[in-house]
Amino acid sequence: MNGSAAPTIRADALTKRFGDFVAVSDVSFEIRAGEIWGFLGPNGAGKSTTIRMLCGVLSPTSGSAEVLGFDVARDPEEVKLRIGYMAQGSSLWNDLSVQEHLRFYAGLFGLAGTKREDAISHWLKRLDLYGQRARLAGTLSGGYRKRLALACTLLHEPQMVFLDEPTSGVDPLSRREFWDIIVALAEAGTTVLVTTHYLDEAEHCNDLALIYDGKIVASGTPESLKRDARNGITAEILSPDTVRVLDAIETQPFVASAGLYGSALHVCIRERDGLDRLSQFLQEHAIPVDSIAQVTPSLEDVFASLVGKR
Amino acid sequence: MNWGRVWTIAAKEFTQFFRDHRTVGATVLMPILQVILYGYLSSDIKHQPTIAWDLSQTAESRQFLDALTNSQYFSITFRAQSMRDVVRHIDDGQALAGIVIPPDYATLLHRKQQPQVMVAVDASDATAAQTALSVAEAVGTNISHTLQIQQLRLQGANIPRIGVDVRARAWYNPGLRQEVFIVPGVLALVMQFTMTFLSMSTIVRERELGTLEQLIVSPIRSSELMLGKMIPIMTIGYINVTMILLFAVFWFGVPVAGSVVFLYLTVFVFFFTTVGLGTFVSTIAKTYIQAIQLIQFFLLPSMLLSGFIFPVDAMPKVMQWLAYLVPLTYFLAIVRGIIIKGVGIDYLWPQVLMLLAFGMVVFTTAVLRFRKRID
């Protein structure tokens, strides 16, 4: 592909209906080459459906998508040769060994001879699977299954990688390892689309899109999302009785959303003068509070406020 | 068509097949078990256990019983002392036939009158009963004729040897052995069963595992995937055919009268129907269990209608039409034609053509469904 001008992915008004249910509605975005693009949203929001349309597994009800310069509907074969896809659920044969899986995918992508063996041993070592290479996939633990699935996805050096919740069910240490690999891939020029439930992981992304109810409700860099004026003010309240505070303020009209954040309470307020109104409210109701301060919102706050508004 | 990818799929299927010892066992043992079971169970309706109540106790009555024994269809295993004995033995199934010879049997014969002999058979199994009754009647008629001729000769008559001399010949199966008929049928039956069952898991298993999605996202085309899955299935099919043939020849002594090469070619034609059917079911079923339930709707009626047990020509007209809608009917006729009669394409071309037609329709439908599920 020719440099930075053409985006790696261009989704144009993608829509998918299953009967009366609209899974994805009018979704458009662009992903630049070498970017880590995070796709966030609750279960059933439409993340996986969107990815499956981009990979050519599902055909969109309307709209179109271009991946690596090819129209997914018109040239699915060209797209499939150049992408890697790691599905959310299990996608391994329990009766094949780790090595047999890799040989199989090598064969599907036309890797042979030393090229094949080099690629296989590279990913076996990189994902710490070398000691497990003779084990059947059915006997592997959840974390190792994810490692194997990732190895199968990356074996043929795809230019574009779709990772659908690669770290779900993976222990924290391995999660960090996975993200090291993802970051390294992007640095080497591979474009990565990744979905995650963990908002701390989203901080690794260059760009984010939040999807809710099949629609993209916000997008931008993690920083810009947090800065976004629409989110109003985020206040952090420390109190000996956070639950009581939460109960009291949750239903107030000036509160967009409120939730526990560690031992503190994070409150998103819509109006500019919201902070004053909040302290006033708490004083009036004689709710004990240690401190109220404006803080930079976390992605969780952004997410909660966006979804809470609806 | 990228043969590297076809082979990649085929190699994976082989590995998985041989790794699952239960499947290997079932696929290898099932045909052998069926050949042995059908081969032995189908033995002739000979030597039926029989109870005789001989009230005459004369040389003449013994002659009659000997004639029945000599026919090989009856073996007199019990002697009754009363009618109750006879009824009880047939009731509890120890005897399948009862013979009652009246006390005046010999006396009546000497007076040139007709004594009556009672032959009662357990007709729960109509076919066996039919055979027993015909044989008993024939034995009776035979004895009557002999006695009549003896009598006339004694009276000084010069009796010329006239009458029709029926020289019956059992072609293709001179020994009239049931297994010669049944074992080739088992070959056809096992082929249909194994091939549909193996191909039934092609799509539905991958879908259940979640691996189908990975395959769809890979560059493999549906034709390559389908071919890669079919090659191991057909190989196993040919191994099965060979095993059954070896068993037929060396165990049951059923010779293959016709061309084995032609037989293997027609097996290939039959693959289109069986593999097509299995694949088709695989594309509509959501789970493997569901696929098994679906296929039963087809497999059982097709076995009953095909002529494997009941001859198609003897069926009521409507059943015959149904039988001709079952591909197994044609394959069965072909297999029996080749193995038993030793005929070739010059006689069997109508059946081969019909089988090919069925195969094309079923297979094309399956490929289209397969492609729709994959692409």
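The next subject is the overall build of chain A. The helix and strand tally for chain A stands at 11 helices and 14 strands. C-alpha extents for chain A along the principal axes are approximately 75 × 45 × 40 Å. In chain A, buried positions account for 46% of the 310 residues. Pairs at least 24 apart in sequence give 68% of the contacts found in chain A among residues at least 6 apart.

Contact with chain A, which involves 19 residues of that partner, is made by 18 residues of chain B. Mapped by element, the contributors of at least two residues to the side of chain A that touches chain B are helix H2 (76-82) and helix H3 (98-108) of chain A. Taken together, the residues of the side of chain A that touches chain B sort by class into 10 nonpolar, 5 polar and 4 charged.

As far as domains go, chain B holds domain 1 (3-42 + 177-374) and domain 2 (48-154). Spacing between the C-alpha centres of domain 1 of chain B and domain 2 of chain B amounts to 48 Å.

A word on the nonpolar core. Grouped together as the largest cluster of nonpolar side chains are 160 residues, with contacts concentrated most on Leu54, Ala151, Phe162, Val192 and Val267 of chain A. Per element, the largest residue contribution to this core is 15 residues, and it comes from helix H7 (residues 178-209) of chain B. Setting aside residues up to four positions removed in sequence, Val267 of chain A forms contacts with Ala235, Ile237, Ile249, Val255, Ala258 and Leu278 of chain A. With 23 residues, the next largest nonpolar core counts Val86, Ile90, Leu96 and Ala97 of chain B among its residues.

All names here are of chain A. Here helix H4 (residues 113-126) contains 14 residues, and its C-alpha end-to-end distance of 20 Å stays within 8% of the 20 Å for a straight helix at 1.5 Å per residue. Among the residues making up H4, those that are buried are Ala119, Ile120, Trp123 and Leu124. Along the long axis of H4, the arc covered by the buried residues comes to 130 degrees, so they all point the same way. Facing away from the buried surface of H4 by more than 90 degrees, the exposed residues are Thr114, Lys115, Asp118 and Lys125.

Another aspect to go through is the sheet that holds strand E5 (residues 70-71) of chain A. Residues and elements named next belong to chain A. With antiparallel pairing, 4 strands are arranged side by side in an open sheet as E2-E1-E4-E5. Two strands lie at the open edges of the sheet, namely strand E2 (21-31) and E5, each paired on one side alone. Along the sheet face, helix H1 (residues 47-54) touches strand E1 (9-18), E2 and strand E4 (62-67) and points at about 120 degrees away from the line of E1.

All names here are of chain A. The domains assigned to chain A are domain 1 (9-225) and domain 2 (228-308). Inter-centroid distance (C-alpha atoms) of domain 1 to domain 2 is 36 Å. Contact with domain 1, which involves 11 residues of that partner, is made by 7 residues of domain 2. Elements represented by at least two residues in the side of domain 1 that touches domain 2 include exactly helix H7 (199-202), strand E9 (207-212), strand E10 (215-220) and helix H8 (222-227). In terms of residues, the side of domain 1 that touches domain 2 owes the most to one element, H8, which gives 3 residues. Class assignment of the residues belonging to the side of domain 1 that touches domain 2 gives a composition of 9 nonpolar, 1 polar and 1 charged.

Let us now look at the sheet that holds strand E3 (residues 97-101) of chain B. Strands in a sheet are paired, the pairing made by backbone hydrogen bonds, and the direction either parallel or antiparallel. Residues and elements named next belong to chain B. Taken together, 4 strands build an open sheet; the order of strands is E2-E1-E3-E4 and the sheet is mixed. The sheet is open, and its two edges are formed by strand E2 (74-79) and strand E4 (118-121), each paired on a single side. Going from strand to strand, the sheet's axes swing by 30 degrees on average, the running direction of each strand aside. By the bridge criterion, 5 bridges tie strand E1 (residues 48-54) to E3 in an arrangement that is parallel. Looking at E3, one finds that Trp53 is bridged to Val100. Helix H3 (residues 59-70) contacts E1, E2 and E3 of the sheet and is inclined by roughly 130 degrees relative to E2. With respect to the sheet, helix H4 (residues 83-91) is in contact with E1, E2, E3 and E4, its orientation differing from that of E1 by roughly 170 degrees.

Quick look at the environment of Asp26 of chain A now. Residue and element names in this part refer to chain A. Considering the arrangement of structural elements, one finds Asp26 in strand E2. C-beta crowding within 10 Å serves as the criterion here: with 14 such atoms nearby, Asp26 is assigned to the partly exposed category. Along the backbone, Asp26 and Tyr212 are 186 residues apart, and their C-alpha atoms lie at a distance of 12 Å. The residues touching Asp26, leaving out its near neighbours within four places in the chain, are Ala13, Thr15 and Lys215.

Moving on to helix H5 (residues 142-154) of chain A. Residues and elements named next belong to chain A. An ideal rise of 1.5 Å per residue puts 18 Å on 13 residues; H5 measures up with 19 Å between its terminal C-alpha atoms. Every buried residue belonging to H5 is among Tyr144, Arg145, Lys146, Arg147, Leu148, Ala149, Leu150, Ala151, Cys152, Thr153 and Leu154, and all of these are buried. In this structure, the buried side of H5 is in contact with strand E6 (83-86), H3, H4 and strand E7 (160-164).

Cut-offs applied
Residues numbered from 1 in each chain as written. Chains lettered and ligands numbered in written order. Predicted model: local features only at pLDDT ≥ 70, side-chain atom pairs only at ≥ 80, totals over all residues. Helix = DSSP H or I, 4+ residues; strand = E, 2+ residues; numbered from the N terminus. Buried ≥ 20, exposed ≤ 12 C-beta atoms within 10 Å, placed from the backbone. Contact = placed C-beta atoms within 7 Å. Nonpolar A, V, L, I, M, F, W, Y, C, P; charged D, E, K, R; others polar. Domains from an automatic or database assignment. Core = buried A, V, L, I, M, F, W, Y, C linked by C-beta atoms within 7 Å. Expected span 1.5 Å × (residues − 1). Arc of directions from axis to C-beta. Pairing = 2+ DSSP bridges. Axes fitted to C-alpha atoms, helices over the stretch in contact; angles between N-to-C directions.

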